[in-house]
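Survey of secondary and tertiary structure
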Amino acid sequence: MNHHAHHPHGGCGDACCLRVSDLSVRLGTDQILEHVSLHMHCGEMVALIGPNGAGKSTLIKSILGQQTYEGTITFSTPEHPSQRLRIGYVPQSPAFDRADPVTVQDLFVSCVSRRPAFLPVPRALREKILACLKNVRGEGLIDKRIGTLSGGELQRVLLALALEPMPNLLILDEPLSGVDVEGMALLMEMLSDIRHTFDLSILMITHDFTMLAQYVDQVVLLDKTVLRSGTPADVLDSDEFLQAFHLGGGQA
Amino acid sequence: MSIWYALFNWLPFDWVTLNFMKNALLAVCVMAPLFGILSTSIVTGRMSFFSDALGHSAFTGIAIGVLCGLAAPIWAAVALSIAFAVLFTWVRAKTQQAADTVIGVFSSTAVALGIFIATLGGGSFTKFNSFLIGDILSVTPAEIGLLALVLAAVVVLWILFSSRILLTTIHPQLASSRGISIRRSELLFTCVIAVVVTLAISWVGLLVINSLLVLPAAAARNVAKNMRQYVLFSVLAALVCSIAGLFVSYEIGCSTGATISLLLAIWFALSSLLRSRVQ
């Protein structure tokens, strides 16, 4: 959050950063996003908020490269001015079938190696999976079936998965939905630790504003375009925020 | 084949003198693992209705093959099934309609077209009956060789692609964020099912083939705790029920395909009862 202090001219200098400039997305005749610009540094946690249908998921898809767009998305580090961005992605409330006989280990094997999940797992790979799960205090979940995990446990497993290989940018799509209050605090603490330990940026869509002031550096209020961005206090007190969520008919 | 034939001569059953029974035994031993493996992905990917529709399109392909006077209508059926699988995957990606609606449209159209062609010019439908019921006892050594090749190909593809297919079926978004081409995995998978279903149809029968593609994994899900057990139980169930079904149908004189399906259904019912104990 205080990265800017080192760069009074607004440039990134020796810090790494992600810059979205003038991004627009049109689906058929619908303009989903218009002239969206945002800028985040490594180690920063940014919350993307906005009413339903504001284009939050579309923006994330664009950054993930799953959506065609106009404009530019650039990532740079001091060593590599236009380095390829490695993104870890935690998808939105995944609906796994409770009856699927897929364990956390099976899911990891399918994601981090090309080995078929039905073959015996070598000890080294299992150790690696346990190490990944340790990042999210989830070693005990390795042999559980994914359909039986609680909302919070599932988010932690998906988070561990998104951190392997270690990304520069971590994107989470509503990580707090379906997670109880205790689980939310645990998850936010964990995200805070992770970004400091691994110096990565976190961009998360959320509808839960209670956590913002405590954990987040920057809030971006989006409704087709960026209505306002800044510190949590600045955005949550703004007229734009009140309009988007109260007068605009959206749901908080 | 002569080694295989000689293998059972010491057994005290009267079928050991019948080469067609030994052919059939070998054929089910090759086909069962094929169905057991594919079954796991079909069930996890919620594609059981789709594999059923593929069987129907295979029938249309056979009818077209017969109409054109082809010596081996089965290859026309294979070609049509692949075309169907590709077209279906494409339409499903493009349309706003629910997947089961799309499958329903394709499936019923395929059957209607098949019957239309088969009965064109007042032709009798009787010659197509064998495709509906299937006849495993008619399998020839050359056809078993073909099935073995298909099994080998499926096993290789399976080892290369099963993790991608698993991820695509349980969470498409997660799969694509990890650089997996969902469309390509789906297409490959549907084409493999299309080929296997079509080749097996004349021995297993259009009307029961889908039970072999759904029941082994459906039952395995009830008792498996992880992917390894899931695939293992599915293949074992397919193998045991196929071999048992062959002999039971021989002893009491009825359709082999139907007997295998019934045994699998009984195993499914038992596994459902076991489920509460396992989980």
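Residues numbered from 1 in each chain as written. Chains lettered and ligands numbered in written order. Predicted model: local features only at pLDDT ≥ 70, side-chain atom pairs only at ≥ 80, totals over all residues.

Before going further, it helps to spend a moment on the overall build of chain A. Across its full length, chain A carries eight helices and nine strands. Excluding contacts between residues fewer than 6 apart, the proportion of contacts in chain A whose partners are at least 24 apart in sequence is 67%. (Helix = DSSP H or I, 4+ residues; strand = E, 2+ residues; numbered from the N terminus. Contact = placed C-beta atoms within 7 Å.)

For chain B, the count of helices and strands is 12 helices and zero strands. The helix and strand sequence of chain B, counted from the amino end, reads α-α-α-α-α-α-α-α-α-α-α-α. Here the C-alpha radius of gyration of chain B, 19 Å, is about what a compact globule of 279 residues would show, namely 19 Å. With respect to the three principal axes, the spread of C-alpha positions in chain B is 60 × 55 × 30 Å. Every one of the 279 residues in chain B was classed for burial, and the buried ones make up 48%. Across chain B, every contact between residues at least 6 apart in sequence was considered, and the portion connecting residues at least 24 apart equals 73%. (Rg over C-alpha atoms; globule rule 2.2 N^0.38 Å. Buried ≥ 20, exposed ≤ 12 C-beta atoms within 10 Å, placed from the backbone.)

The next point concerns the packing of helix α3 (residues 48–67) of chain B against helix α5 (residues 99–118) of chain B. Residues and elements named next belong to chain B. Between α3 and α5, the least distance of the axes is 8 Å, while the angle of their chain directions is 25°. When the interaxial angle is binned, α3 and α5 end up roughly parallel. Helix-helix and strand crossings are classified by hand; for α3 and α5 the assignment is left-handed. Where α3 abuts α5, its residues Phe-49, Phe-50, Asp-52, Ala-53, His-56, Ser-57, Phe-59, Thr-60, Ala-63, Ile-64 and Leu-67 lie against Asp-100, Ile-103, Phe-106, Ser-107, Ala-110, Val-111, Leu-113, Gly-114, Ile-117 and Ala-118. (Axes fitted to C-alpha atoms, helices over the stretch in contact; angles between N-to-C directions. Parallel < 35°, antiparallel > 145°, perpendicular 65-115°, else oblique. Left-handed = near helix turned anticlockwise from the far one by under 90°.)

With that settled, the discussion passes to the sheet that holds strand β7 (residues 201–205) of chain A. Residues and elements named next belong to chain A. With mixed pairing, the six strands of this open sheet are ordered in space as β5-β6-β7-β3-β8-β9. Across the chains shown, the open sheet's two edge strands, defined by having one partner strand only, are β5 (87–90) and β9 (225–230). With direction set aside, neighbouring strand axes in the sheet form an average angle of 20°. Summarising the sheet, strand β3 (residues 45–49) and strand β8 (residues 218–223) pair through four bridges and their orientation is parallel. Following the sheet pairing, Ile-49 is matched in β8 by Leu-221. Strands in contact with helix α1 (residues 56–64) are β3, β5, β6 (169–173), β7 and β8; relative to β6, the strand with the most contacts, it is inclined by about 150°. (Pairing = 2+ DSSP bridges.)

Now for helix α9 (residues 182–204) of chain B. Residue and element names in this part refer to chain B. For α9, with 23 residues, the first-to-last C-alpha span of 31 Å sits near the 33 Å given by 1.5 Å per residue. When the local axis directions of α9 are compared, the greatest deviation, roughly 25°, occurs at Thr-198. α9 sits mainly inside the fold: 17 of its 23 residues count as buried. Remark: Gly-205 follows α9 within two positions and exhibits a positive phi of approximately 100°. (Expected span 1.5 Å × (residues − 1). Bend = angle between axes of the 7 residues up to and from the residue.)

This part takes up helix α2 (residues 104–112) of chain A. The α-helix advances 3.6 residues per turn, and as a result positions three or four apart in sequence lie on the same side. With eight of nine residues buried, α2 of chain A lies mostly within the body of the structure. Turning to α2 of chain A, its buried residues number three or more, namely Val-104, Gln-105, Asp-106, Leu-107, Phe-108, Val-109, Ser-110 and Cys-111 of chain A. Among the structural elements, α3 (123–134) and α4 (151–162) of chain A together with α7 (141–170) and α11 (227–252) of chain B are those in contact with the buried residues of α2 of chain A.

Another aspect to go through is the environment of Ser-138 of chain B. By the element assignment, Ser-138 of chain B lies in the loop between α6 (129–133) and α7. Taking C-alpha positions, Ser-138 of chain B is 15 Å from Met-31 of chain B, a pair spaced 107 residues apart along the chain.

So, on to the pairing of strand β2 (residues 30–41) of chain A. Residue and element names in this part refer to chain A. As paired elements, strand β1 (residues 17–27) and β2 share eight bridges and run antiparallel to each other. Bridging across to β2, Val-20 finds its partner in Leu-38. With antiparallel pairing between neighbouring strands as the criterion, β1 and β2 make up a hairpin whose turn holds two residues, including Gly-28 at a positive phi of roughly 60°.

A few words now on the sheet that holds β1 of chain A. Residues and elements named next belong to chain A. Spatial ordering of the open sheet is given by β2-β1-β4, a layout of three strands whose pairing is antiparallel. Each edge of the open sheet carries a strand with a single partner, namely β2 and β4 (70–76). Averaged over all neighbouring strand pairs, the angle between strand axes comes to 10°, with direction disregarded. Bridging between β1 and β4 involves six bridges; their strand directions are antiparallel. When the sheet's bridge partners are listed, Cys-17 is paired in β4 with Ser-76. Strands in contact with α1 are β1, β2 and β4; relative to β2, the strand with the most contacts, it is inclined by about 65°.

Moving on to the nonpolar core. In this structure, Leu-48 of chain A together with Ala-27 of chain B are the most contacted members of the largest nonpolar core, which totals 157 residues. In terms of residue count, the dominant contributor to this core is helix α2 (residues 19–44) of chain B (14 residues). Mapped onto the domain boundaries, this core takes at least three residues apiece from domain 1 (1–86 + 167–252) and domain 2 (96–165) of chain A. What Ala-27 of chain B contacts, discounting residues up to four positions off in sequence, is Ile-136, Val-139, Ile-144, Leu-147 and Trp-203 of chain B. (Core = buried A, V, L, I, M, F, W, Y, C linked by C-beta atoms within 7 Å. Domains from an automatic or database assignment.)

Before going further, it helps to spend a moment on the interface of chain A and chain B. Listed by partner, the interface residues are 20 residues for chain A and 23 residues for chain B. The greatest single-element share of the side of chain A that touches chain B, amounting to four residues, is contributed by α2 of chain A. When the residues that make up the side of chain A that touches chain B are grouped by side-chain class, the tally is 13 nonpolar, three polar and four charged. (Nonpolar A, V, L, I, M, F, W, Y, C, P; charged D, E, K, R; others polar.)

Bringing the packing of α3 of chain B against α9 of chain B into the picture now. Residues and elements named next belong to chain B. Relative to each other, α3 and α9 sit at 55°, their axes nearing to 9 Å. Taken together, the axis directions place α3 and α9 in an arrangement best described as oblique. In this structure, α3 crosses over α9, and the sense of that crossing is right-handed. Between α3, through Ser-51, Leu-54, Gly-55, Ala-58 and Gly-61, and α9, the contact on the second element is made entirely by Ile-193, Ala-194, Val-197, Thr-198 and Ile-201. Across the contact of α3 with α9, the residue classes break down as six nonpolar, four polar and no charged.

The subject of this paragraph is the domain arrangement of chain A. Residue and element names in this part refer to chain A. In terms of domains, chain A is made up of domain 1 (1–86 + 167–252) and domain 2 (96–165). The interface of domain 1 with domain 2 comprises 12 residues on the first partner and eight residues on the second. No other element matches helix α5 (residues 181–198), which puts five residues into the side of domain 1 that touches domain 2. Among the residues making up the side of domain 1 that touches domain 2, the classes are represented as eight nonpolar, two polar and two charged.

Two faces, one strand: in a regular strand the side chains alternate between the faces of the sheet. Residue and element names in this part refer to chain A. In terms of burial, β6 is largely enclosed, as five of its five residues are buried. Side chains of β6 alternate between two faces, with Leu-169, Ile-171 and Asp-173 and Leu-170 and Leu-172 buried alike. Both β6 and β7 contribute to a ladder of five bridges, which runs parallel. Residue pairing across strands places Leu-172 opposite Met-204, the latter belonging to β7.

Another point: the confidence of the model for chain B. Residue and element names in this part refer to chain B. Averaged over every residue, the pLDDT of chain B is 87; the share at 70 or more is 97%. Averaged over each element, pLDDT in chain B is lowest for helix α1 (residues 2–7) (80) and highest for α11 (94). The ipTM, which scores confidence in the relative placement of chains, is 0.83 for this predicted complex, and the corresponding pTM is 0.83. (pLDDT = per-residue confidence, 0-100.)

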